[in-house]
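# Structural overview
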Amino acid sequence: MEVVIVPDAKAGGEIIAEAMAALLRRKPDALLGVATGSTPLPVYEALAGKVRAGAVDASRARICQLDEYVGLPADHPESYRSTVLRQVVEPLGLTADSFMGPDGTAADVQAACEAYDRALSEAGGVDLQLLGIGTDGHIGFNEPCSSLASRTRIKTLTEQTRVDNARFFDGDIDQVPHHVITQGIGTILEARHLVLLATGEGKADAVAQSVEGPVAAVVPASALQLHPHATVVVDEAAASKLKLADYFRHTYTNKPTWQGL
Ligand code: GLP
């Protein structure tokens, strides 16, 4: 896997936004998988900036969601549907027609999960999937010990993830749903390019275990080691526990045919 150490979150946002822009120049109707949480915001800001500046045309881009809370009304401000529409789709000048996600309000959740996996395949698969990482190493909402072959399905959140996400619900953990739909790890691994962004010291342990530890379901992000094109972009703080940090800096700056990510 390719590890890129950047000075700060803004630089991480810029480098990933440029990779997305390059993809859209090559494939204007690319399917971009996006993540929620605070970490990816600099990516979305940088990409929207490029669109406004005319550096890339995103008018045919398609956006898809990684995960969703179960039971929140779709128009709840903290549903991931609302979040992605507000943070990604609208700033890129797109409409909800360009966007797909799992239905967290479905009466038959399992059927909604299967329908979403099918929809992703029928859309031609995800070209680039952006990922964040939980403090426990989760990707999407695949909590520790998720099957590395899992498909989109319902999961129960750990207490730690509910504590981490309470900040989006007025700090009130009781408002954070217990259940979620998430693309499975097997589903995520089908994307053509995986790009994980992690910033801040709080992610340093999870990053070190994912990048340098064994592939293990107890650290879901370690599954990226199984993907032929996975890029991990980390700021200095999130890289602080990587034993191979100097090697990663060296390979990045000495890449003979550097074309972006
Ligand atoms: C949630 C999301 C993940 C995200 C994680 C980390 O659990 N389901 O996709 O990576 O939060 O969020 P943050 O970037 O805010 O730390």
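The name given to the protein in an unreviewed UniProt entry is Glucosamine-6-phosphate deaminase, and the organism recorded there is Streptomyces morookaense. UniProt, in the comment section headed Sequence similarities (unreviewed entry), describes the protein in these words: "Belongs to the glucosamine/galactosamine-6-phosphate isomerase family. NagB subfamily."

## Focus on the packing of aromatic side chains
When we look at a pair of aromatic rings, we describe it by the centre distance and by the angle of the planes. For the coordinates displayed, the defined rule picks out five aromatic pairs. Ring geometry for Tyr69 versus Phe141: centroids 5.6 Å apart, planes at 50°, classification tilted. Of the two residues, Tyr69 is situated in strand 4 (residues 67-69) and Phe141 in the loop between strand 6 (128-131) and strand 7 (153-156); the sequence distance between them amounts to 72 residues. By the burial criterion, Tyr69 is buried, and Phe141 matches it. Looking at Tyr69, the relative accessible area reads 1%, which means it is buried. Members of the aromatic cluster, connected to one another through ring pairs, are Tyr69, Tyr80, Phe141 and Phe169.

## A few points about the pairing of strand 3 (residues 62-65)
Here four bridges tie strand 2 (residues 31-34) to strand 3, and the two strands are oriented parallel to one another. Each residue of the ladder has a partner; that of Val34, found in strand 3, is Gln65. Crossover strand 2 to strand 3 through helix 2 (residues 41-52) is right-handed. With two bridges connecting them, strand 3 and strand 5 (residues 99-100) associate as parallel partners. From the neighbouring strand, Ile63 faces strand 5, where its bridge partner is Phe99.

## Side note on the sheet that holds strand 8 (residues 179-182)
In space, the three strands of this open sheet follow the order 4-8-7, with antiparallel pairing throughout. Each edge of the open sheet carries a strand with a single partner, namely strand 4 and strand 7. If you compare each strand with its neighbour and ignore which way they point, the axes differ by 30° on average.

Cut-offs applied
Residues numbered from 1 in each chain as written. Predicted model: local features only at pLDDT ≥ 70, side-chain atom pairs only at ≥ 80, totals over all residues. Heavy atoms only, no water. UniProt positions renumbered as here; feature names shortened; annotations may be inferred. Phe/Tyr/Trp six-rings, centres within 6.5 Å; stacked < 30°, edge-to-face > 60°. Helix = DSSP H or I, 4+ residues; strand = E, 2+ residues; numbered from the N terminus. Buried < 20%, exposed > 50% of the residue type's maximum accessible area, 1.4 Å probe, protein only. Pairing = 2+ DSSP bridges. Right-handed = clockwise from strand over helix to strand, strands pointing away. Axes fitted to C-alpha atoms, helices over the stretch in contact; angles between N-to-C directions.

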